[in-house]
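# Structure at a glance
Listed here are the chains, written in short residue letters.
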Amino acid sequence: QVQLVESGGGLVQAGGSLRLSCAASGRTFYAMGWFRQAPGKERDFVAAINRSGGSTYYADSVKGRFTISRDNAKNTVYLQMNSLKPEDTAVYSCAATSRGGIIIFGHGYDDWGQGTQVTVSS
C-alpha cells in the first residue's frame, strides 16, 4: 500500500551526526517506525511516530540522542542521529503501519523500506 525509500546513511566518526530520510509514496499519513540490525544481531526497535507527528517513542539506547520527525506535506519521515557511537552501526530501515497509536514491534508494521547502512568509526 505504501512504498518506502530510505536515504542518508554513510560513514561518520564517533560523536558525529547523520540525518536519515524515508520518502513515502502511495497511501500516506501512516504511523511510522525506524528499526536497525547490526551484523550478527537481531533487528531492534529504534523510534516511532504517530500519524500526525504529535507522539513519539524511543528505545532507551537512543533516547536523548536520536529524534524522529515527519513532514506530511513532503510525505517524508526523518531520523536525526546525534552523538553517534560505534554500537549504532547497523542497517537502518523505516516501516509503515495502518494501526493506531505507537507501535514498537516489527510484526505490527505492514510495509518496509530497503534499508540504509550507517557506520560509526572509533
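Below you will find a few notes about this structure. Each residue is numbered by its place in its chain's sequence as written, counting from 1. Under the rules for a predicted model, residues below a pLDDT of 70 receive no local features and side-chain atom pairs below 80 are neither given nor counted, while totals for whole chains, interfaces and linings still include all residues. Heavy atoms from the whole structure form the basis of all side-chain values; hydrogens and water molecules are not counted.

## So, the overall build of the chain
- Helical segments are the DSSP runs of H or I of at least four residues, strand segments are the runs of E of at least two, and each set is numbered from the N terminus. Across its full length, the chain holds zero helices and eleven strands.
- In the chain, the order of α-helices and β-strands from amino to carboxyl end is β-β-β-β-β-β-β-β-β-β-β.
- Radius of gyration here is computed from C-alpha atoms only, and the compact-globule reference equals 2.2 Å multiplied by the residue count raised to the power 0.38. A compact globule built from 122 residues would reach a C-alpha radius of gyration of about 14 Å, and the chain, at 13 Å, matches this within 12%.
- With the principal axes as the frame, the chain shows a C-alpha extent of 40 × 25 × 25 Å.
- Exposure categories follow from relative accessible area, calculated using a 1.4 Å probe and restricted to protein chains: below 20% of the type maximum is buried, above 50% is exposed, and the middle band is partly exposed. By residue count, 44% of the 122 residues in the chain fall in the buried class.
- Within the chain, counting contacts between residues at least 6 apart in sequence, those at least 24 apart form 58% of the total.
- When the accessible surface of the chain is split by element, carbon and sulfur atoms take 47% of a total near 6,200 Å².
- This count recognises Lys and Arg as positive and Asp and Glu as negative, with His and chain-terminal groups excluded. The atoms used to mark charge sites are NZ of Lys, CZ of Arg, CG of Asp and CD of Glu. With 12 positive and 9 negative side-chain charges, the chain shows a separation of 5 Å between the mean positions of the two kinds. When checking whether two residues touch, look at their non-hydrogen atoms; a contact exists if any pair is within 4.5 Å. In these tables, accessible area is a Shrake-Rupley quantity obtained with a 1.4 Å probe, and a residue counts as shielded only by the protein chains included in the view.

## Notes on the environment of L84
- Structurally, L84 is set in the loop between β8 (76–81) and β9 (90–97).
- In this structure, the C-alpha to C-alpha distance between L84 and R43, residues 41 residues apart in sequence, is 18 Å.
- With residues near it in sequence (within four places) discarded, L84 still touches V12, A14, G15, G16, S17, L18, R65, F66 and V120.

## Considering a nonpolar patch on the surface
- A cluster of nonpolar residues, Y57, I102, I104 and F105, forms a patch on the protein surface that exposes about 350 Å² of accessible area.
- Looking at where I104 falls in the secondary structure, it is placed in the loop between β9 and β10 (111–112). A patch is a set of surface residues, each over 30% in relative accessible area and not in a salt bridge, joined within 9 Å for like charges and within 5 Å for the nonpolar side chains Val, Leu, Ile, Met, Phe, Trp and Tyr. Salt bridge, as used here, is a side-chain nitrogen of Lys or Arg placed within 4 Å of a carboxyl oxygen of Asp or Glu.

## Some thoughts on the pairing of strand β1 (residues 2–7)
- Residues V2, L4 and E6 line the buried face of β1, whereas the alternating positions Q3, V5 and S7 sit on a face that is not buried.
- Whether two strands pair comes down to DSSP finding at least two bridges between them. In this structure, β1 lies alongside strand β3 (residues 18–26), joined through six bridges in antiparallel fashion. Bridged to E6 within β3 is C22.

## Description of the environment of T97
- Looking at where T97 falls in the secondary structure, it is placed in strand β9.
- Of the residues examined, T97 reaches a relative accessible area of 0% and is grouped as buried.
- Between the alpha carbons of T97 and Q117 there is a distance of 22 Å; along the sequence they are 20 residues apart.
- By the criterion applied in these results, polar contacts are pairs of N or O atoms within 3.5 Å in which, for protein atoms, one can donate a hydrogen and the other can accept it, and in which residues neighboring in sequence qualify only through two side-chain atoms. There is a polar contact of 2.8 Å between the side chain of T97 and the backbone oxygen of G108.

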